[in-house]
Amino acid sequence: MTRTRDRAVPETTPRDGRSGPDHLALYERMLLIRRFEERCVELYSAGRIRGFLHLYIGEEAVAVGVLDHLRDDDAVVATYRDHGHALARGVPIGPVMAEMLGKDAGVCRGRGGSMHLFHAPTRFYGGNGIVGGGLPLAVGLALADRLAGRDRVTVCFFGEGAMAEGEFHESMNLAALWHLPVLFLCENNLYAMGTALERSESETNLPVKAAAYEVPAWSCDGMDVAAVWEAARRAVELVRDSGGPVFLEAKTYRFRAHSMFDPDRYRDKGEVEHWRERDPLLLQRTRLLAADVPEVELTDADTRVSAEVDAAVAFAEAAGDEPVDELLTFVTSEGARS
Ligand SMILES: Cc1ncc(C[n+]2csc(CCOP(=O)(O)OP(=O)(O)O)c2C)c(N)n1
Ligand SMILES: [Mg+2]
């Protein structure tokens, strides 16, 4: 078994033939997530979406930059802040919106809601309400791939708050010890609910914690989709080539409160404004215009994604509620449907 401890992060040429990202496509994918969530805010305020709602606004570059590198047979595990990951993975937007509204046409037939999006056809294994809960799932998926001799990668997204959980340490240890193909993708947005990282962790250099498990680990600028794309390309290639785990920290920021219930009193408004100056959509828009992409192409992208979100809302609104006589389905095994 090859140990990864002293391996330098390789400088490789993308072997999928792409010399770099399709910047306009990345922009459009981030915009889709942004517009989708803006619509979710309206639907939540109108009482159409209920329960918890955690927005990814400000963090879109992470899911989009990372998931652009996955093959269809790779797997994704996300957190309760999962809309962006689901959409960037290609989970159909209509059924995602239907799930938000608790409808029968939702990806989990309305039983999961915002925090528990799940879609087996795209190997999107949730959405998880438990902080750190996805980490052992990702290790299990990767163990299955290792035992079956498949060269698949499992990407596991989690917040920096999850790194204080026992599950993080257990998962890192097993993945390193058994040399499992997991990309541990930490979205460090500096806060776990209202608790700032430096108020809860003695070691705030997160790759250092990962390196303690002999896992290659580094950081990237999570606000710049091109930086995420490049860092993730190397990370995904290293996982696939070595068959072992890699840890990547994306330094990011959420522009909205932790959830729609959070009054957001623990951070300075000036801090939020400072980060908004590095809005990933703004940065990418500036990059595209500097590369002489005509502004009309950006406007067209906005028109396309807005139409896509409109259609998703119409699909979700038109869908029915789960029939009452099926409410016990999946509660006991006898009632399970395929
Ligand atoms: C095991 C567990 N403990 C506590 C909570 C309550 N909780 C929900 S979100 C959250 C903060 C997690 O922060 P982080 O991992 O940084 O993710 P972020 O919300 O910043 O994306 C906490 C403590 C929970 N859901 N699960
Ligand atoms: Mg956090």
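1. What about the environment of A312?
No. 1: With respect to the helices, strands and loops of the structure, A312 is situated in helix α12 (residues 295-318).
No. 2: Among the residues examined, A312 registers 23 C-beta atoms within 10 Å and is labelled buried.
No. 3: Sequence separation between A312 and R35 is 277 residues; the distance between their C-alpha atoms is 11 Å.
No. 4: For A312, the contacting residues outside a window of four places in its chain are I93, G94 and M97.

2. A short note on the sheet that holds strand β2 (residues 154-159)
No. 1: The 5 strands are arranged β1-β2-β3-β7-β6 in an open sheet whose pairing can be described as parallel. Two strands close off the open sheet at either side, each with one partner strand: β1 (75-77) and β6 (217-221). In this sheet, neighbouring strand axes are inclined to one another by 20° on average, regardless of whether the strands run parallel or antiparallel.
No. 2: Sheet topology note: the β6/strand β7 (residues 246-251) ladder contains 5 bridges and is parallel.

3. Observations regarding the pairing of β7
No. 1: Here β7 lies mainly inside the structure; 6 of its 6 residues are buried.
No. 2: The alternating pattern of β7 places V246, L248 and A250 and F247, E249 and K251 on opposite faces, both of which are buried.
No. 3: You can see the chain leave β6, run along helix α9 (residues 225-242) and come back into β7, and the turn it takes is right-handed.

Conventions and cut-offs
- Residues numbered from 1 in each chain as written.
- Chains lettered and ligands numbered in written order.
- Predicted model: local features only at pLDDT ≥ 70, side-chain atom pairs only at ≥ 80, totals over all residues.
- Helix = DSSP H or I, 4+ residues; strand = E, 2+ residues; numbered from the N terminus.
- Buried ≥ 20, exposed ≤ 12 C-beta atoms within 10 Å, placed from the backbone.
- Contact = placed C-beta atoms within 7 Å.
- Pairing = 2+ DSSP bridges.
- Axes fitted to C-alpha atoms, helices over the stretch in contact; angles between N-to-C directions.
- Right-handed = clockwise from strand over helix to strand, strands pointing away.

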